[in-house]
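# Structural description and commentary
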Amino acid sequence: MFTPEEQTALAAHAAALNLSANEYIRQTLAERALSWHREQDAFQAIAQRRGCTVQELLKRGFLTDDSLGEA
């Protein structure tokens, strides 16, 4: 599943956080999934306010850094 280098890095970071490797992986994956979900919700809200789709919003040059503050 993980390369030896990845396993070493995961084990080291988990140990530094005083977590088992499995708990570290679970927490990290859950955090990434929740972050992705919040980002999708924010894009949807911005798109709705602008009267467009998320795909249109994400087209190159359509979304500026200031737009993320609107969510």
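Rules of the game
Residues numbered from 1 in each chain as written. Predicted model: local features only at pLDDT ≥ 70, side-chain atom pairs only at ≥ 80, totals over all residues. Heavy atoms only, no water. Helix = DSSP H or I, 4+ residues; strand = E, 2+ residues; numbered from the N terminus. Buried < 20%, exposed > 50% of the residue type's maximum accessible area, 1.4 Å probe, protein only. Contact = heavy atoms within 4.5 Å. Areas by Shrake-Rupley, 256 points an atom, 1.4 Å probe, with all protein chains shown as cover. pLDDT = per-residue confidence, 0-100. Expected span 1.5 Å × (residues − 1).

Moving on to the overall build of the protein chain. Counting its secondary structure elements, the protein chain contains four helices and zero strands. N-terminal to C-terminal, the α/β element order of the protein chain is α-α-α-α. Within the protein chain, buried positions represent 15% of all 71 residues. The contacts in the protein chain between residues at least 6 apart in sequence include a share of 12% that link residues at least 24 apart. For the protein chain, the accessible surface area stands at approximately 5800 Å², while carbon and sulfur atoms represent 54% of it.

What follows concerns the confidence of the model for the protein chain. Summary statistics for the protein chain give a mean pLDDT of 87 and a share of 83% for residues scoring 70 or more. Mean pLDDT in the protein chain bottoms out at helix α4 (residues 65–68), which sits at 52, and peaks at helix α1 (residues 4–16), which reaches 97.

Next up on the list: unusual backbone geometry. Of note in this structure, Asn18 is not a glycine but carries a positive phi near 60 degrees. As for its placement among the helices and strands, Asn18 is situated in the loop between α1 and α2 (21–50). Given a relative accessible area of 71%, Asn18 falls into the exposed group.

What follows deals with α2. The terminal C-alpha atoms of α2 lie 43 Å apart, and with 30 residues this matches the ideal 44 Å at 1.5 Å per residue to within 8%. With its phi angle positive at about 70 degrees, Gly51 sits one or two positions after the end of α2.

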